[in-house]
Amino acid sequence: MQLKGSDEDGFGIEIVLQQGDRKAPSCVHGPTLLFEKVCKGEEKDRRFYACSACRDRKECNFFQWEDDKVSEARLLAREEENRSKMPRFTHQEYCSRFRKFLALPLGRRFCQDCQLLLLPGEWEIHASHKMSQADDITEARLSRPSLMLKPLENKKSNAQYLFADRSCHFLLETLAKLGYRKVLCVGTPRLHELIKIRNQEGKSDPMKTLLLDIDFRYAQFYGQDEFCHYNMFNHHFFGGQAASGVLRAFLSEEDGEKVIMVSDPPFGGLVKPLAHSFSQISETWRKLQTSEGSVVEMPIVWIFPYFFEPRILECFPSFTMLDYQVDYDNHPLYKHGKTGRKQSPVRLFTNLTPRDIVLPREEGYRFCKVCQRYVWSGNKHCTKCNLCPSKDGRMWKHCSECQKCVKPSWRHCQSCSRCALPDHPCGNSPGLEGCFNCGSLKHKRRACPLKDKRRADNKSKGGRNLPKQPMKSNSKRKSGAQRRANKLKKMTE
Ligand SMILES: C[S@@+](CC[C@H](N)C(=O)[O-])C[C@H]1O[C@@H](n2cnc3c(N)ncnc32)[C@H](O)[C@@H]1O
Ligand SMILES: [Zn+2]
Ligand SMILES: [Zn+2]
Ligand SMILES: [Zn+2]
Ligand SMILES: [Zn+2]
Ligand SMILES: [Zn+2]
Ligand SMILES: [Zn+2]
C-alpha cells in the first residue's frame, strides 16, 4: 500500500511515502525518499529517489529515477562512496576517546576547525588549526556540548537553531511538572543537555534522556545509551539494530516512568516524512505498553513554525497548536535583540491536553476559559468564531463578510470576495495557481481529470521524452525550501 502525500511544497514535487515491499536505494543518510515531479502543463510525471535529509543537492546529490536499472558495478561504487563518507570514528571509539580525554592530566584541546576533542598524539597534525585550550575545557564546558560545537546553521538541512535558555527551561519544567521522567529528544540536543545538568544538580527527581540526532559530533560527548545517530526523515539508525534497540529499551515504561518525545526538526523539513517517522516511534512505544491503559498515543511535542499547522494536523488530527513562542539563541530572524522582543513564529504542536500546559503569565500569556487553553495576551477571544483566532501572535480581527477572523494587516477585497493584503494581486481567486498537469486555472492537479491519462501515456512512451536529470525539479526543490525560508521572513506581513 502506498500513502500518498498531498503537494508537499506546492511547487510540483510530491512525496510518495512507501510502505512495505519496495526497498529504496540508500545515500549516506540512509534510505532515500521517493518523489514525484509534476510540471505545469507538461507530460512529466516520473518518480525519482533523492536524499531524505538534505534539501540542497550541494550537500547530498543522490539521484535515481524510480525505474532506473542500476548496474551491479554502480551499486558497489555507491556503497563504497557511502562508506567513505562515514564519520571518522565509530561511536564506541568516540566513547573510549572521551574517557581518555577526561583522564588527561594536563592540556585538553578541542580543534575548532575539525570540531574534535583531541588526544595528545593528535595535537601535532592539528597544530595549524584553530584550537580551544586547556583552561576553556572544564567539566562544566564539556557538559554543554551545544555551546562548544559550532551550530551547523549555514546548512539549510541542518539549521541548528538552539533554544534560548528561557524556552529550554520552560520546556523542561513543564515536562517535569506533568510527571514525565523520560524524555526522548529528537533533534533537541540542548534540551538533552539541560536534563543531564539538572540531574547532576540533584535538586529534583532525576529524568532520563536519550538524544536522537543526525549531528554525529555529539557522539564525542555521550555514551551509546544516551545518543543515537539518527535521521528523522527516514527513521534510520546509523548504528543499526543495536541503536534501534537502545530506543526500544528507552521507550519501555516497565519501571513506571512516563515517557514523552520532544522534537524540533529543521524548519525546511518536509512534514509528511517527519510525521511518518514519529508515527513509527509512537508505534514502537505502543507495542511496548504492558498495561491496557487508556492512553493510546505516545505523548509528543513537535516544535515547528505556526504556518505548518494545517499540514501537521492533517497528519496528526489529535494535535493542538499552542500559543507558546519558542525562542532561539541563534535564529537569524528571532533573537532577543537590543531592540526588544521580536516574535518567534515557532510553536508547540502536541497531543497533550492544552489546558495542562501552563504558559507563563510573566511572558504575557493568559488562560482562555472558553478555549480551555493558555493563549498569548494579544490573542483576543472572538465570540463570533468562538475561539482565540490568532496564529501569529498579533491581534486578529473579525471580518463579517468572510465570517472569520483574519490577520490585522488584511482588508476585505470586494473583487476577490475575501480578505487579503492591500497590495495583493487582485482578481486571482484564492489557491488557484492552476493545475500542474494540464495548466487549467479551474482546478488543482489533484482534481485533474487528465491526471491518470497523462501518467498512462507517459508509461507507454517509456519516458523517452524525459530529461536525464530533473534540472527543473532540482531548482523547484530548492525553491520549495527557499519558499519555506521566505515564509519565515514574511511572518510580520
Ligand atoms: C532546529 S534545530 C533544533 C535544536 C533545538 N532547538 C535545541 O536547542 O536543542 C534541529 C536539530 O535537528 C538536527 N537534525 C537536522 N536534520 C536532522 C535529521 N535529518 N535527522 C535527525 N536530526 C536532524 C540538527 O542537528 C539539530 O540538532
Ligand atoms: Zn543523502
Ligand atoms: Zn583540526
Ligand atoms: Zn478563546
Ligand atoms: Zn472571528
Ligand atoms: Zn473578509
Ligand atoms: Zn482582490
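Here we summarise the structure given alongside this text. Please read all numbers here as calculations on a predicted model, not as lab measurements.

This next bit is on the coordination of the zinc ion (ligand 7). Here the zinc ion (ligand 7) is held by Cys413 (SG), Cys416 (SG), His424 (NE2) and Cys426 (SG), and the distances to it run 2.0 to 2.4 Å. Considering all four donor atoms around the zinc ion (ligand 7), the spread of angles at the metal, 100 to 113°, places the coordination shape in the tetrahedral class.

Glancing now at the environment of Thr350. Inspection of the secondary structure assignment puts Thr350 in strand β20 (residues 346–350). For the pair formed by Thr350 and Val301, sequence separation is 49 residues and the distance between their alpha carbons is 4.6 Å. In contact with Thr350, not counting residues within four places along its chain, are Ile300, Val301, Ser318, Phe319, Thr320, Leu322 and Ile357. Within polar-contact distance, the side chain of Thr350 engages the backbone nitrogen of Leu352 at 3.0 Å.

This part covers the sheet that holds strand β13 (residues 227–231). Within the open sheet, the eight strands sit side by side as β14-β13-β12-β11-β15-β16-β20-β17. Their pairing is mixed. Each having just a single partner strand, β14 (236–237) and β17 (320–321) make up the two edges of the open sheet. As defined by bridge partners, strand β15 (residues 258–263) adjoins strand β16 (residues 300–305) across three bridges and the pair is classed as parallel. Residue pairing in the sheet places Val262 in a bridge with Val301 of β16.

Within the protein, the atoms that donate to the zinc ion (ligand 2) are Cys27 (SG), His29 (ND1), Cys51 (SG) and Cys60 (SG), at distances of 2.1 to 2.4 Å. The coordination sphere of the zinc ion (ligand 2) comprises four donor atoms, whose angles at the metal cover 100 to 116°; the geometry is tetrahedral. One chain supplies every donor for the zinc ion (ligand 2), spaced along it as C-x1-H-x21-C-x8-C. With His29 in the loop between β3 (26–27) and β4 (30–31) and Cys60 in the loop between β6 (47–50) and β7 (63–65), this pair connects stretches of sequence that are 31 residues apart.

The tendency in soluble globular proteins is for nonpolar side chains to be buried as a group. Core analysis: the biggest nonpolar cluster contains 89 residues, and Leu184, Leu191, Leu212, Ile281, Trp302 and Ile303 have the highest contact counts within it. Residue assignment places this core across two domains, with domain 1 (91–148) and domain 2 (165–376) each supplying three or more. Every residue in contact with Ile303, bar those within four places of it in the chain, is listed here: Phe163, Leu171, Val262, Ser263, Asp264, Pro265, Val326, Tyr328, Val346, Arg347 and Leu348.

Turning our attention to the packing of helix α5 (residues 165–177) against helix α6 (residues 189–201). At a minimum axis distance of 10 Å, the contact between α5 and α6 shows a crossing angle of 60°. α6 is crossed by α5, and the crossing has right-handed handedness. Contacts between α5 and α6 involve Cys168, His169, Leu171, Leu172, Glu173 and Ala176 from the former and Arg190, Leu191, Leu194, Ile195 and Arg198 from the latter.

Let us look at unusual backbone geometry. Even without a glycine there, the phi angle at Gln115 is positive, about 55°. Note that Gln115 resides in the loop between β8 (109–111) and β9 (116–118). With a relative accessible area of 10%, Gln115 lands in the buried category. Positive phi, normally seen in glycine, also occurs at Ser417, with a value near 55°. Along the polypeptide, Ser417 turns up in the loop between β25 (411–413) and β26 (418–420). On the accessibility criterion, Ser417 (55% relative accessible area) is exposed.

Below, the discussion takes up the pattern of salt bridges. The full count for this structure, using the stated rule, is 21 salt bridges. Among the salt bridges present, the one from Glu122 reaches Arg97, with a minimum N-O distance of 2.6 Å. One end of the pair, Glu122, is in the loop between β9 and β10 (131–132); the other, Arg97, is in helix α2 (residues 91–102), with 25 residues separating them in the sequence. Relative accessible area serves as the criterion here: at 16%, Glu122 is assigned to the buried category. According to the relative accessible area criterion, Arg97 is buried, its value standing at 9%. Arg217 is the partner of Asp215 in a salt bridge, and the nearest nitrogen-oxygen pair spans 2.8 Å. Neither residue differs from the other here; Asp215 and Arg217 are each classed as buried.

Rules used throughout
Residues numbered from 1 in each chain as written. Chains lettered and ligands numbered in written order. Predicted model: local features only at pLDDT ≥ 70, side-chain atom pairs only at ≥ 80, totals over all residues. Heavy atoms only, no water. Donors = N, O, S within 2.8 Å, 3.2 Å for Na, K, Ca; no water. Tetrahedral: all angles 85-135°; square planar, octahedral: opposite > 155°, others 65-115°. Helix = DSSP H or I, 4+ residues; strand = E, 2+ residues; numbered from the N terminus. Contact = heavy atoms within 4.5 Å. Polar contact = N/O pair within 3.5 Å; in protein donor to acceptor, adjacent residues only side chain to side chain. Pairing = 2+ DSSP bridges. Core = buried A, V, L, I, M, F, W, Y, C linked by side-chain atoms within 4.5 Å. Buried < 20%, exposed > 50% of the residue type's maximum accessible area, 1.4 Å probe, protein only. Domains from an automatic or database assignment. Axes fitted to C-alpha atoms, helices over the stretch in contact; angles between N-to-C directions. Left-handed = near helix turned anticlockwise from the far one by under 90°. Salt bridge = Lys/Arg side-chain N within 4 Å of Asp/Glu carboxyl O.

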